[in-house]
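Reading the structure
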2 protein chains.
Amino acid sequence: MERISATYFIETPFDVEKAANVLAGEQSSGTFVAIPGETDELKERFAAKVESIELLETVSQPALPGAEGYDEYHRAKLNVSWSVENFGYNLPVMISTLQGNLYELTQFTGLKLMDLDVPDSFAAHFAGPRFGIKGCRQLTQVYDRPLIGTIIKPSIGLAAEQTATLVKTLAEAGIDFVKDDELMSSAANSAFEARVDAVMDVINRHADATGKKVMYAFNLSGELDVMLRRYEYLLQAGATCAMVSINTVGLAGVKKICDQGALPVHAHRNGWGMLTRHPLLGIDFVAYQKLWRMVGVDQIHVNGIQNKFWESDDSVVRSIEACRRPLLGGFEVLPVVSSGQWGGQAPETYRRTQTVDLLYMAGGGIMAHPSGPSAGVVALKQAWEAAVKGWSVEEAAQFYPEFGKSVEKFGKSLKLQSVS
Amino acid sequence: MERISATYFIETPFDVEKAANVLAGEQSSGTFVAIPGETDELKERFAAKVESIELLETVSQPALPGAEGYDEYHRAKLNVSWSVENFGYNLPVMISTLQGNLYELTQFTGLKLMDLDVPDSFAAHFAGPRFGIKGCRQLTQVYDRPLIGTIIKPSIGLAAEQTATLVKTLAEAGIDFVKDDELMSSAANSAFEARVDAVMDVINRHADATGKKVMYAFNLSGELDVMLRRYEYLLQAGATCAMVSINTVGLAGVKKICDQGALPVHAHRNGWGMLTRHPLLGIDFVAYQKLWRMVGVDQIHVNGIQNKFWESDDSVVRSIEACRRPLLGGFEVLPVVSSGQWGGQAPETYRRTQTVDLLYMAGGGIMAHPSGPSAGVVALKQAWEAAVKGWSVEEAAQFYPEFGKSVEKFGKSLKLQSVS
């Protein structure tokens with residue numbers, strides 16, 4: 001029978017093998033006394049199995065509270081598997097199995113889900129991203145370079161018409177993609193529908209005049225019926241992207257939106273820090289992005305090199321690499337690079353990931369360019385041309401005037417790294 | 001204008017007031033360069049406000065990675081508020097605002113949402129729990145004592161007919177409530193519908209014969225259409241409770257189930273440890289249970305005194321107290337006490353919470369009672385009678401023979417505490 005497997009990074013004051021068996025027991029048969037009816041055959045069929053244990057370092061202090069006072073805490077990598085017979089092709093119950101009560105076990109002073117693997121048969125049960133990288137490129141007609149995008153700022157406060165005016169400026173500047181902030185869905189002075197009307201009027205006129213249709217990700221996050229109504233509204237207005245805050249809407253709601261299938265879904269991961277910032281608690285992005293690709297999102301946030309948040313460049317690079325690895329023979333997702341980006345990070349991003357299949361988002365980097373937003377968009381495209389050529393930031397700044405001005409204005413914030 | 005407020009426990013290596021202002025800025029206007037269009041009037045209307053700062057201890061090591069190398073890390077309690085104009089009555093966007101990107105700010109080496117307060121106007125926009133404590137008591141006809149419940153074990157593996165046989169034993173033993181494990185929704189040998197058929201046949205026959213209808217919480221967790229189909233199936237079979245894994249199904253999906261309004265919703269919080277186990281990351285149960293009561297769940301897990309997990313008794317008591325405090329003038333929710341309970345914890349649970357408005361779940365404590373399951377249920381009822389009288393475990397064991405046998409078998413695992 002096919003099996004689903006999960007890899008955990010754990011810490012325990014107890015014997016690692018015994019702790020691993022507690023995990024497997026709790027997440028399959030699980031009770032503290034023997035029960036009649038639990039036959040050996042039944043256990044064999046439905047029991048979770050510890051497939052491998054790799055011992056790592058031993059430390060003297062526990063990572064998490066709950067089992068203090070021991071001399072040593074052992075860290076290890078565990079691989080555990082379950083039969084598909086336990087839950088079928090049901091993602092919420094699969095997650096309850098892989099990420100449920102086990103975080104509360106006293107046996108563990110640290111537990112993080114690092115990766116998961118599902119059998120090929122999942123491909124027949126999940127449609128995955130309906131658009132993915134190819135679909136997003138077709139809709140924006142952008143090939144051979146990252147999609148260049150921006151977020152409407154201030155995050156919250158602009159009236160619908162003000163947003164539309166900004167979008168007009170950005171469209172005329174040549175941008176490929178614009179999105180609502182995750183804090184903005186429907187505000188007192190910017191009702192969702194009013195914003196769609198105002199913004200799509202600008203985008204549709206611009207598309208009629210120039211042939212270039214800017215992709216705008218409207219944040220339709222909310223209760224289910226609200227989201228479905230908004231989705232219909234987007235379709236009728238000719239919009240080409242729906243944004244959802246995946247952690248706050250939750251799996252069942254996001255999947256229902258993805259399953260509508262008519263618009264790429266932009267997955268915003270706000271709240272993600274809560275799930276991953278501790279090295280021994282929660283879930284790693286490698287596992288996280290697999291779950292959401294099975295749900296069917298087309299674009300997913302990965303932060304950016306030298307971002308304004310806590311995350312290291314190494315972690316961002318690993319996230320982009322994770323998104324690029326095929327899942328179930330495809331399930332392509334477009335990584336969304338954002339947070340403090342202005343083009344100066346393009347050479348390093350390309351050097352480390354060797355891909356242009358990105359949605360590259362810059363905020364102030366575009367709107368605050370010394371020569372205006374058009375020059376800001378041009379500078380970003382130049383930054384990526386230079387990046388693909390293998391040029392350093394300094395080389396690109398000398399060759400491209402608009403990018404050069406970006407470097408003058410924003411370069412001080414960058415820890416410049418030589419690419420040679 | 002009405003405001004929503006949130007209380008955080010934070011840690012920062014920087015000036016606390018400055019860090020608090022970064023949080024407020026990031027979660028309202030939020031960008032790293034000034035933008036035209038962001039007027040003072042607009043900022044005033046939509047800006048988050050730091051309402052209060054209470055300085056706590058200073059420590060020398062950061063709780064979370066991301067800002068190492070400072071000498072001191074300051075801890076504080078912050079209260080921050082937002083206008084309802086920012087997001088209206090939209091829970092996912094409210095959560096993105098209160099619990100979004102702020103966990104990733106380098107300014108914080110620790111951040112936990114401890115509590116939140118919404119204005120009274122929320123009562124008009126959310127129906128809350130449709131059944132709550134009163135409704136669950138009416139359906140089970142249990143008054144003046146906790147509902148006594150159990151979980152089908154093994155968690156996964158029993159065939160539908162085996163589950164039904166167990167339920168027959170439990171019903172005859174006088175149990176009030178039975179539930180699926182969160183690992184069990186539809187398994188290869190226990191399809192959801194087959195289990196409903198088999199179990200409800202037993203429950204309905206028992207109700208016809210005795211007038212007592214056991215409440216069985218069937219785990220309908222899954223994708224949205226699956227859950228709605230299963231919900232209908234439950235209604236037609238005469239079931240009286242639907243169970244949902246709230247973290248894995250997610251807010252929009254769970255709310256859609258609650259909004260059906262015909263069955264109490266049993267909220268299982270598996271995965272909760274990931275969200276709260278670190279003292280300076282995630283969300284405290286006080287805030288968490290408010291969110292889910294607004295979503296409309298009728299029963300929510302709170303762990304139990306002297307549980308088998310990492311959580312302290314103090315924390316469990318605080319959770320029960322949080323559930324008992326009225327929200328928006330009502331929004332009653334029934335706390336589900338479980339994990340390693342067998343009746344021996346009843347005196348301490350009552351002494352510390354002074355309530356019998358509980359769903360008190362015991363597993364092995366019922367099925368593995370030396371005189372059989374009927375005696376197990378009787379022993380639990382006795383434990384609660386004794387608890388309300390203010391008796392100690394020892395006093396109760398002397399007076400009640402069935403409870404006395406429970407103490408003989410399970411008492412060794414209990415850290416007995418005098419209640420006098």
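Above this note sits the structure.
Below, the structure is looked at part by part. These numbers were taken from a predicted model, which means no experiment stands behind them. (Residues numbered from 1 in each chain as written. Chains lettered and ligands numbered in written order. Predicted model: local features only at pLDDT ≥ 70, side-chain atom pairs only at ≥ 80, totals over all residues. Heavy atoms only, no water.)

**Observations concerning the sheet that holds strand β4 (residues 110–117) of chain B**
All names here are of chain B. Rule in force here: Should DSSP find at least two bridges between two strands, the strands are regarded as paired. By definition, any uninterrupted DSSP run of H or I lasting at least four residues is a helix, any uninterrupted run of E lasting at least two residues is a strand, and each is numbered from the N terminus. Simply put, an axis is a line fit to the C-alpha atoms, just over the touching stretch for a helix, and the angle between two N-to-C directions goes from 0 to 180 degrees. Contacts were defined at the residue level, with two residues in contact if any of their heavy atoms lie within 4.5 Å.
Pairing is mixed across the open sheet formed by 5 strands, whose spatial order is β2-β3-β1-β4-β10. Looking at strand neighbours, the two that pair on one side only are β2 (49–59) and β10 (281–283), the edges of this open sheet. Within this sheet the neighbouring strands show an average axis-to-axis angle of 15 degrees, counted without direction. For β4 and β10, the ladder comprises 3 bridges, and the chain directions are parallel. Its bridge partner being in β10, Leu 113 is matched across the sheet by Ile 283. Most of the contacts of helix α12 (residues 285–295) go to β4, to which it runs at about 45 degrees, and overall it touches β4 and β10.

**Quick look at the interface of chain A and chain B**
Applicable threshold: We define buried area as the total accessible area lost by two parts upon association, computed with a 1.4 Å probe and summed across both. We count a salt bridge whenever a side-chain nitrogen from Lys or Arg sits within 4 Å of a carboxyl oxygen from Asp or Glu.
The interface is formed by 93 residues belonging to chain A together with 92 residues belonging to chain B. Together, the buried faces of chain A and chain B total about 7800 Å²; carbon and sulfur atoms form 60% of this surface. For chain A, the biggest contributors to the area lost against chain B are A:Glu104, A:Met274 and A:Arg277; these three give 11% of the whole. In this assembly, chain A and chain B are joined by 6 salt bridges. Two residues, A:Glu26 and B:Lys308, come together in a salt bridge whose shortest N-O distance is 3.3 Å. Looking at the side of chain A that touches chain B, the elements that each hand over two or more residues are α2 (40–46), α3 (91–98), α8 (224–237), α9 (246–249), α10 (251–258), α11 (272–276), β10 (281–283) and α15 (364–367) of chain A.

**Some details on the packing of helix α3 (residues 91–98) of chain B against α12(B)**
Residues and elements named next belong to chain B. Rules: By definition in this entry, angles of less than 35 degrees are roughly parallel, angles greater than 145 are roughly antiparallel, angles of 65 to 115 are roughly perpendicular, and the rest are oblique. Handedness of a helix crossing follows the sense of rotation of the near helix relative to the far helix, less than a right angle counterclockwise being left-handed and clockwise being right-handed. Any residue that is not Ala, Val, Leu, Ile, Met, Phe, Trp, Tyr, Cys, Pro, Asp, Glu, Lys or Arg is counted as polar, Gly included; the first ten are nonpolar and the last four charged.
Packing of α3 against α12 leaves a shortest axis separation of 11 Å and a crossing angle of 165 degrees. As judged from the angle between their axes, α3 and α12 are roughly antiparallel. Between α3 and α12 the crossing geometry is right-handed. The segment α3 lies against α12, with Leu 91, Met 94 and Ile 95 engaging Leu 291, Met 294 and Val 295. Residues that form the contact of α3 with α12 fall into these classes: 6 nonpolar, no polar and no charged.

**Observations concerning the packing of aromatic side chains**
Quick reminder of the rule: Aromatic pairing here means that ring centres of Phe, Tyr or Trp (its six-membered ring) are within 6.5 Å. Orientation follows from the plane angle: under 30 degrees is stacked, over 60 is edge-to-face, and everything else is tilted. We call a residue buried when its accessible area falls under 20% of the maximum for its residue type, exposed when it is over 50%, and partly exposed in between, using a 1.4 Å probe and counting protein chains only. The rule is short: NZ of Lys or CZ of Arg within 6 Å of the ring centre and within 35 degrees of the ring normal puts a charge over the ring.
Counted according to the given criterion, the structure contains 34 aromatic pairs over all chains. Measuring from centroid to centroid gives 5.2 Å for B:Phe14 and B:Tyr70, while their planes differ by 75 degrees, and the two rings are edge-to-face. Within this pair, whereas B:Phe14 is found in the loop between β1 (3–12) and α1 (16–26), its partner B:Tyr70 is found in the loop between β2 and β3 (73–83), the two being separated by 56 residues in sequence. Note on B:Phe14: relative accessible area 30%, which makes it partly exposed. Residue B:Tyr70 is classed as partly exposed on the basis of its relative accessible area, which comes to 37%. Pairing B:Phe399 with B:Tyr400 gives two aromatic rings, centres 4.9 Å apart and planes at 85 degrees, and the pair type is edge-to-face. Overall, the relative accessible area of 52% leaves B:Phe399 in the exposed class. Grouped by ring-pair contacts, the aromatic residues A:Trp272, A:Phe285, A:Tyr288 and A:Trp292 constitute a single cluster. Lying across the ring of A:Trp391, A:Lys389 places its NZ or CZ 4.3 Å from the centre.

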